[in-house]
Amino acid sequence: MTTVSFKEKIKGVGGHALYEAKARIFREQLEAKIPASLRLPLAILEDPPLNVTRIPETCGLLTPKELAITELDATSVCQKIAVGELTAVDAVTAFGKRAAIAHQLTACLIDFFLDEGIKQAQQLDEYFRKEGKVIGPLHGLPISIKGMLPVKGTVGSAGFLMNIETATEDCDMTRILRSLGAVFYVKTNQPQTLMHLESRSTYGRVLNPYNTDLTAGGSSGGESALVAMKGSCIGVGTDGGGSIRAPSAHCGIYGFRPSCRTTPLHGVLWYQPGQDGFFSSVGPMCRSARDMRLFLEAVLGANPALLDPDVLPVPLKIPDLTKKKLRVGIMMHDGVVMPHPPIIRALKWAKEKLEASSEVEVVDYTPYDHDRGYSIVRELYYEDGGATVRRILKESGEEILPLTEWVISPPHVRDHDASEVWKLRDERDKYRREYSDHWWSQNVDVVLCPPFPGTASRHDTAKYWGYTAIWNLLDYPGTAFPSGFVADPAIDIYQEPPSPMSAADEYNLSLYDATKFKGAPASLQIVGRIYNDGLVLAAQEVVERILKS
């Protein structure tokens, strides 16, 4: 078997000579922003271990104080700043330095502007010294931002070299976060098209910190890798097919996809403007369950509907589950693709723990025609048959990646005229109604299920999104979170050869070699009905507490 060098593994998207000349400029500009004092020795970069998560602690580039700060979750950072135990400058400096190290090992960034972050933090510290209070609930909190969300004066992209740009203003989400006291210092990597569950761009391929032979996920893969490396305690991702939940699951962190149009999208970079067959939503990727709540309470508390007319003024209502027994449906698989053994092991363990608890009632959840729903949402993604993507790539000379070719090709993708677009939306709406009726017939509050048909996938192989995209089609909010398990080749094996349920299942089975996934986090997903975001947050907290007991 051919061994791929680290340099080759982390390499970005190629193209013809003119493309390569432009790409080199962008890469060199980013490289120049990483201070010499934070560069890892060549001996590490030439042959790092598969698991690179410990390198920031052992490389000697961070002080004990900085290492201690970067162990904090976002809630702790905010609490310590609010009582004067930590300054905003110290917080952003520590996370910024660790982010620079993380990037060299995972290609997680597209822009690094720690100096600007420190200036912003100095202003916040000065305000705190003068006024004796914080300016908002996120005062001084360093937040990493996905590449497609503009931050004034920084680099952003809609998934191609052709639309890399420097933002002239904040998008609505970053504007709100700034008003709440957040500090920005990095922008994170994402894939060509923004529509892969992997993240490889002009800037590089994002590697999974726990096993660099695996992907960190996509399209918010830069965020997941950075948070897992503790170069950020909380970041902002987007999710239109699994792009928060899949990368969060792959890297063993927490991620929340809110119901669409509850968090602001105005100003976000995208190459199919006006395409409204499906919506994305913006949400947190972080180190703890309470950080998801912190983020959503702060952002929704700012009433984003006053700024973005597309946002619905839906308040975040978090129920008290001590007054009602939570009814959890367990979906071991979706009837289309059977998850790999590490995920089945984590789900079986979770089911046993929940069944033994008096706090929740557990039932088996039967999925409803997920194959049909997945076909509908795949067709909605590219109603022009992928023509826009092919045009952008042709004009810039950027090579088409295998996952791009897959995502814009038949049988799921074809061109539509107006009447065909209407017909497709009608199919979507009928399926949503049928699924809603089915959900009620199952009598569940939330569903616990896989976030992906395995742990993190091997590079260029993530071709089944059904465990996340189905909930995007329905617009059901969901969260991915770590089970605490990791893939173990000694036990995560098939006892007997399984019989494939579908062609997609046969493909997924063909990818599994227990030795290849060693150390990859095994994560879980909880989903609820549309606009039940608060219930999903509360349910996740209850379920995780039971699992940890």
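Residues numbered from 1 in each chain as written. Predicted model: local features only at pLDDT ≥ 70, side-chain atom pairs only at ≥ 80, totals over all residues. Heavy atoms only, no water.

You'll find the protein chain entered in an unreviewed UniProt entry as amidase, with Suillus discolor given as the organism. Here the protein chain is described in UniProt, under the heading Sequence similarities (unreviewed entry), as follows: "Belongs to the amidase family." The Catalytic activity (unreviewed entry) comment attached to the protein chain in UniProt states, word for word, "a monocarboxylic acid amide + H2O = a monocarboxylate + NH4(+)". (UniProt positions renumbered as here; feature names shortened; annotations may be inferred.)

Another aspect to go through is the overall build of the protein chain. Looking only at helices and strands, one finds 20 helices and 15 strands in the protein chain. For the protein chain, with 549 residues in total, the buried portion stands at 62%. Residue pairs in contact within the protein chain that sit at least 24 positions apart in sequence constitute 81% of those at least 6 positions apart. Accessible area for the protein chain stands at about 21,000 Å²; split by element, carbon and sulfur atoms hold 53% of it. Of the charged side chains in the protein chain, 59 are positive and 67 negative; the average position of the first set lies 3 Å away from that of the second. (Helix = DSSP H or I, 4+ residues; strand = E, 2+ residues; numbered from the N terminus. Buried < 20%, exposed > 50% of the residue type's maximum accessible area, 1.4 Å probe, protein only. Contact = heavy atoms within 4.5 Å. Areas by Shrake-Rupley, 256 points an atom, 1.4 Å probe, with all protein chains shown as cover. Lys, Arg positive; Asp, Glu negative; His and termini not counted. Charge placed at Lys NZ, Arg CZ, Asp CG, Glu CD.)

Our focus in this paragraph is the sheet that holds strand E12 (residues 360-364). On the basis of which strands lie adjacent, the open sheet formed by eleven strands has the order E1-E5-E2-E8-E10-E9-E14-E15-E13-E11-E12 and mixed pairing. Edge positions in the open sheet fall to strand E1 (109-112) and E12, since each of these has one partner strand only. Direction aside, the axes of adjacent strands within the sheet are offset by 25° on average. When strand E2 (residues 142-146) meets strand E8 (residues 234-239), the two strands line up parallel, connected through two bridges. If you follow Ile 145 over to E8, its bridge partner there is Val 236. Together, E8, strand E9 (254-257), strand E13 (446-449) and strand E15 (521-527) form the strand contacts of helix H18 (residues 466-474), whose direction differs from that of E15 by roughly 20°. (Pairing = 2+ DSSP bridges. Axes fitted to C-alpha atoms, helices over the stretch in contact; angles between N-to-C directions.)

Let us look at the environment of Ala 32. Tracing the chain through its elements places Ala 32 in helix H2 (residues 17-33). Taking the C-alpha atoms as reference points, Ala 32 and Leu 18, separated by 14 residues in sequence, lie 21 Å from one another.

This next bit is on the UniProt feature "active site" (unreviewed entry) in the protein chain. The UniProt entry lists Lys 146, Ser 219 and Ser 243 under the feature "active site" (unreviewed entry), expressed in the numbering used here. Considering the C-alpha atoms alone, the annotated residues occupy 98 residues of sequence yet fold into one spot, their largest mutual distance being 10.9 Å. With respect to the helices, strands and loops of the structure, Lys 146 is situated in strand E2. Excluding residues that lie within four positions of it along the chain, Lys 146 makes contacts with Lys 187, Thr 188, Gln 190, Ser 219, Ser 220, Glu 223, Val 236, Gly 237, Thr 238 and Ser 243. According to the relative accessible area criterion, Ser 219 is buried, its value standing at 2%.

For the pair helix H14 (residues 370-381) and helix H17 (residues 418-442), the least separation of the axes is 10 Å and the interaxial angle reads 145°. In this structure, H14 crosses over H17, and the sense of that crossing is left-handed. Residues His 370, Arg 372, Gly 373, Ile 376, Glu 379 and Leu 380 of H14 lie in contact with H17, whose contacting residues are Leu 424, Arg 425, Glu 427, Arg 428, Tyr 431, Glu 434 and Tyr 435. The residue makeup of the contact of H14 with H17, split by class, is five nonpolar, two polar and six charged. (Left-handed = near helix turned anticlockwise from the far one by under 90°. Nonpolar A, V, L, I, M, F, W, Y, C, P; charged D, E, K, R; others polar.)

So, on to helix H6 (residues 74-82). Those residues of H6 not exposed but buried are Ala 74, Thr 75, Ser 76, Val 77, Cys 78 and Ile 81. Contacts from the buried residues of H6 go to helix H7 (88-106), helix H8 (114-131), E2, E8 and helix H12 (289-301).

All right, on to the pairing of E2 then. For E2, the buried fraction is high: five of the five residues fall into the buried class. A two-sided burial pattern is seen for E2, the buried positions comprising Pro 142, Ser 144 and Lys 146 on one face and Ile 143 and Ile 145 on the other. Bridging between E2 and strand E5 (residues 183-188) involves four bridges; their strand directions are parallel. Note on E5: the bridge partner recorded for Pro 142 is Val 183.

Attention shifts here to the pattern of salt bridges. Tallying each qualifying case throughout the model produces 39 salt bridges. For the salt bridge of Lys 351 with Asp 364, the shortest nitrogen-to-oxygen distance reads 2.8 Å. One end of the pair, Lys 351, is in helix H13 (residues 341-355); the other, Asp 364, is in strand E12, and 13 residues separate them in sequence. Glu 379 is the partner of Arg 414 in a salt bridge, and the nearest nitrogen-oxygen pair spans 3.6 Å. In this pair, Arg 414 is assigned in the loop between helix H16 (402-407) and H17 and Glu 379 in helix H14, connecting sequence segments 35 residues apart. Residue classification places Arg 414 among the partly exposed residues on the basis of a relative accessible area of 39%. The class of Glu 379 is buried, set by a relative accessible area of 15%. Through salt bridges with shared partners, a single network forms among Arg 54, Glu 57 and Arg 98. (Salt bridge = Lys/Arg side-chain N within 4 Å of Asp/Glu carboxyl O.)

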